[in-house]
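# What the coordinates show
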Amino acid sequence: MLSLRRVQRLYRCCPSLRFCSSELVHKDTLIEKLRKSFIDDERQNFVVPTFKKAMLYPDEIAVKDFSGEFTHFQLYITAKKLAIQISNFCGSASQSNVAFLCSNNALWIVIQWACWISGQVAVPLEPNQAADELIGQATDCKAKLLIGTPECEEMTQELATKLQTASIVLDHDFVPSSESVSSTAMYAKQLVGMKGTLIPESTLPNDYYANATAMLLYTPSSANGRNGVLLTHSNIEAQMRCLTASWHLNAGDSMLPIISMQRMHTAIGALLGVGGNILLQQKFDSHTAWSSLLGINSPTKQRVNIFVAMPIIYKLLIAEYDKMFAQDSRMVEYIINHCRQKTRLMATAFGLLPEAVFHRWREITGQSIYEYYGMLETGLVMGPALDESSNAEDYQPGTLGAPLVGVTARLVNSEGEQLVSCNSAGEIPTEVPLLSTVIGELEICGEHLFSLKSRRSVAAKTEEQQEQQSEEQQQPVEAQNEQQPQIVASPQLIFEQDVQQQPLATQQQPPTLIATQEAPQQDLQQTTTANELQQPCLGSQQDLPQQPQQQQAVVREEAPQLQLRRWPQRSVEEPKHDTEQFLKTGDICAYQNGSFHFLSKSSDVFNVGGYKIYGSEIKKALISHPSINDVAVLGIPNKMWGHRLGVICILSPDAEVDLEAIKSYCYSQLPAHKRPTVFKTIVAK
């Protein structure tokens, strides 16, 4: 009895012991306390990253990919283990750029979360790009660490050698089994009590994420140069809130996204943040996609009810349907009934949807393909509303609808004067006559939707501050790491060579870390307080990567002008903002009867014999052909006509169509003054 009383007295005096006592505290109790802590932080305008919200749904399936199913807690534990290894290379909360190559699978999310847990900037690189483009992006961002998965291992090693930096190869074996992390004791071990609330153990505080940079995203190089966009955690949180409210996302939703992870990461994060699950295809397969859409061999909770894909994917699925199901009347009936009853959203984005594809898909599934507008900088910002008053049968192809929740859109003329403005509530400050059409350049506005910086804040820096920054850049790496909040850990790492034999910069072959399950799980230990964190400040140069002195531009005193936060070494002209923080998209849109309609990019408007021709109209007509995957429209200067129109058609590998057939099809779709005169074809690999 005496010993029992001593244990009870020790239990009352030691809160951490209480959280680790799985037999005495139920997991649901811990979850509710943690949820309350997150709500309190959000009320203070702090950011609760998605990886922390995973702790609210520990036993629910988060992601299913080619390797299996993974719970939210599995992804969290795996990301935390990887974060230890990232911090060993980069230091804790150093905001270093960590580039990674990964196809569409659960490890993409793990790597992203691990970068954030460690306090780094995640730089996802698209594996399907040309090698020169990947090298250019990795060099441009000065990646301090490269992470790759087995299917991208060769390119990861090539980039690491080129940059003379370390690399990590990560596979699914690094993820612990669900059984090993499902106990209440394991869950409680990841929590710590502080001032009567629960917080995730050994992670950076939420006030750090309110200002820290989260991601550097690249789009492929164009004629104007490489496009890199910096997003803060606040930007990503705002984009996720926008989708969560607009799509009414909840824990019962299951999404199949067949769009690159770089463009869909906010939609994926939004759904994971409310406890939903994601189905990922590493490589698109039309038969597998149909099986997922129809819920074949899927538990009820994991049956897809949200499907988002590029327009070309819908074309391929229609071709598969015509080949496999169209002749079977029972399957035809089953597909249309299942899709009508079980799927609440089928959508496309980041591409032009041909009307022929829209109408054929509606015949097959009974569902309309909703078109959404978005950019790399903003995520999805415009599209049809999903509410009780909306009717999919009334939706017309080519309609972008109204701005999503928290977004304002407007059209301006060539002088920048506002023509019409509309927000998510449907309010139109500018009076527009009924049935009239307004055409102008689209601009987007939304609180925290994209990153901004003020030139005035840059110009206000004194020479003394600039000299101090220059001195800090010259400090040894070891000294800088000592100033950063550290996550101390010493996992057992398996290296292909001994890293400690010589400095990293002098090694001919950079060290490669093979992440395996042999590394024991260790807890992260934070050695500094929240007040000691060196937080990057939005609107200053501290949150941007420092450039060599000779590359810094001279800043002149001028009126404050807001700009999109871009990676410094871009050669393309920065999109400008006015004082109300509207982002110029460079796209021409029309506004009619309360809805926006995409017309073309401003760079794809051609003058042909006095007619204004939108390149997107020609592209949409041609990609409706079953054998054409994509189209590039060119304006060839001509002294007499202003421009001659030319097109380059990318054909599917199994296409059996000649140039004359493409010309005939194009001429049947377009009036005479919009018909191209030059045709070229390329067969896709």
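The structure under discussion appears in the preceding block.
About the thresholds
Residues numbered from 1 in each chain as written. Predicted model: local features only at pLDDT ≥ 70, side-chain atom pairs only at ≥ 80, totals over all residues. Heavy atoms only, no water. Helix = DSSP H or I, 4+ residues; strand = E, 2+ residues; numbered from the N terminus. Contact = heavy atoms within 4.5 Å. Expected span 1.5 Å × (residues − 1). Buried < 20%, exposed > 50% of the residue type's maximum accessible area, 1.4 Å probe, protein only. Axes fitted to C-alpha atoms, helices over the stretch in contact; angles between N-to-C directions. Parallel < 35°, antiparallel > 145°, perpendicular 65-115°, else oblique. Left-handed = near helix turned anticlockwise from the far one by under 90°. Nonpolar A, V, L, I, M, F, W, Y, C, P; charged D, E, K, R; others polar. Salt bridge = Lys/Arg side-chain N within 4 Å of Asp/Glu carboxyl O. Core = buried A, V, L, I, M, F, W, Y, C linked by side-chain atoms within 4.5 Å. Phe/Tyr/Trp six-rings, centres within 6.5 Å; stacked < 30°, edge-to-face > 60°. Lys NZ or Arg CZ within 6 Å of the ring centre and 35° of its normal. Pairing = 2+ DSSP bridges.

### A short note on the environment of G440
Mapped onto the elements, G440 comes out in strand β20 (residues 438-445). Note: C-alpha distance between G440 and C589 (149 residues apart in sequence) is 5.8 Å. Discounting residues that sit within four places of it in the chain, G440 has contacts with L411, V412, L419, D587, I588 and C589.

### Here's the deal with helix α11 (residues 233-247)
Compared with the 21 Å implied by 1.5 Å per residue over 15 residues, the 21 Å span of α11 between its first and last C-alpha is a close match. Those residues of α11 that sit buried are H233, S234, N235, I236, E237, A238, Q239, M240, C242, L243, S246 and W247. H248 lies just past α11 and shows a positive phi near 55°.

### Overview of the packing of α11 against helix α12 (residues 261-273)
Look at α11 against α12: their axes get within 8 Å of each other, and the N-to-C directions meet at 65°. Taken together, the axes of α11 and α12 are roughly perpendicular relative to one another. Seen along the crossing, α11 lies across α12 with a hand that is right-handed. On α12, the residues that touch I236, Q239, M240, L243, T244 and W247 of α11 are H265, T266, A267, G269 and A270. The residue makeup of the contact of α11 with α12, split by class, is six nonpolar, five polar and no charged.

### Overview of the pattern of salt bridges
Inspection of every chain in the model, using the stated rule, returns 16 salt bridges. D59 is the salt-bridge partner of K27, the closest N and O atoms lying 3.2 Å from each other. Taken as a pair, K27 in helix α3 (residues 27-43) and D59 in the loop between α4 (50-53) and β1 (61-65) lie far apart in primary sequence, 32 residues in all. The class of K27 is buried, set by a relative accessible area of 7%. Ionic pairing is found between R360 and D322, a salt bridge with its closest N-O pair at 2.7 Å. Of this pair, R360 sits in helix α16 (residues 355-365) while D322 sits in helix α14 (residues 311-324), placing them 38 residues apart in sequence. One network of salt bridges, with partners in common, ties together E42, K53, E237 and R241.

### Describing the nonpolar core
Judged by nonpolar contacts, the single largest core of 138 residues is most densely connected at W247, M255, W290, F307 and Y372. No other element matches the eleven residues that helix α6 (residues 106-118) contributes to this core. Leaving out residues up to four positions away in the same chain, W247 has contacts with M255, A267, V308, R344, L345, Y372, L380 and L386. Grouped together as the second largest cluster of nonpolar side chains are 19 residues, F606, A621, V631 and V633 included.

### Some details on the packing of aromatic side chains
Applying the stated criterion across every chain yields a total of 16 aromatic pairs. Between the aromatic rings of F307 and Y314, the centroid separation amounts to 5.4 Å while the plane-to-plane angle is 65°, which identifies the pairing as edge-to-face. Comparing F307 with Y314, the two get one shared label, buried. Consider the rings of Y321 and F325, whose centres lie 6.1 Å apart with planes at 65°: the pair is edge-to-face. With a relative accessible area of 4%, Y321 lands in the buried category. Three or more aromatic residues joined by ring pairs make a cluster, and in this case those are W290, F307, Y314, Y321, F325 and W361. Looking at R263, its charged tip hangs above the ring of F350, at a distance of 4.9 Å from the centre.

### Observations concerning the pairing of strand β13 (residues 306-309)
The two faces of β13 match: I306 and V308 on one face and F307 and A309 on the other face are all buried. Two strands pair when backbone bridges link them, and strand β11 (residues 254-258) and β13 are joined in this way by four bridges, in the parallel orientation. Each residue of the ladder has a partner; that of L256, found in β13, is F307. Inspection of the sheet shows β13 paired to strand β14 (residues 345-349) by three bridges, in the parallel sense. Its bridge partner lying in β14, V308 is registered against A347.

### Thoughts on the side chain of T266
Among the structural elements, T266 can be located in helix α12. Overall, T266 belongs to the buried group, its relative accessible area being 3%. Sequence-distant contacts of T266, defined by excluding residues within four places in its chain, comprise I236, Q239, M240, L243 and G379.

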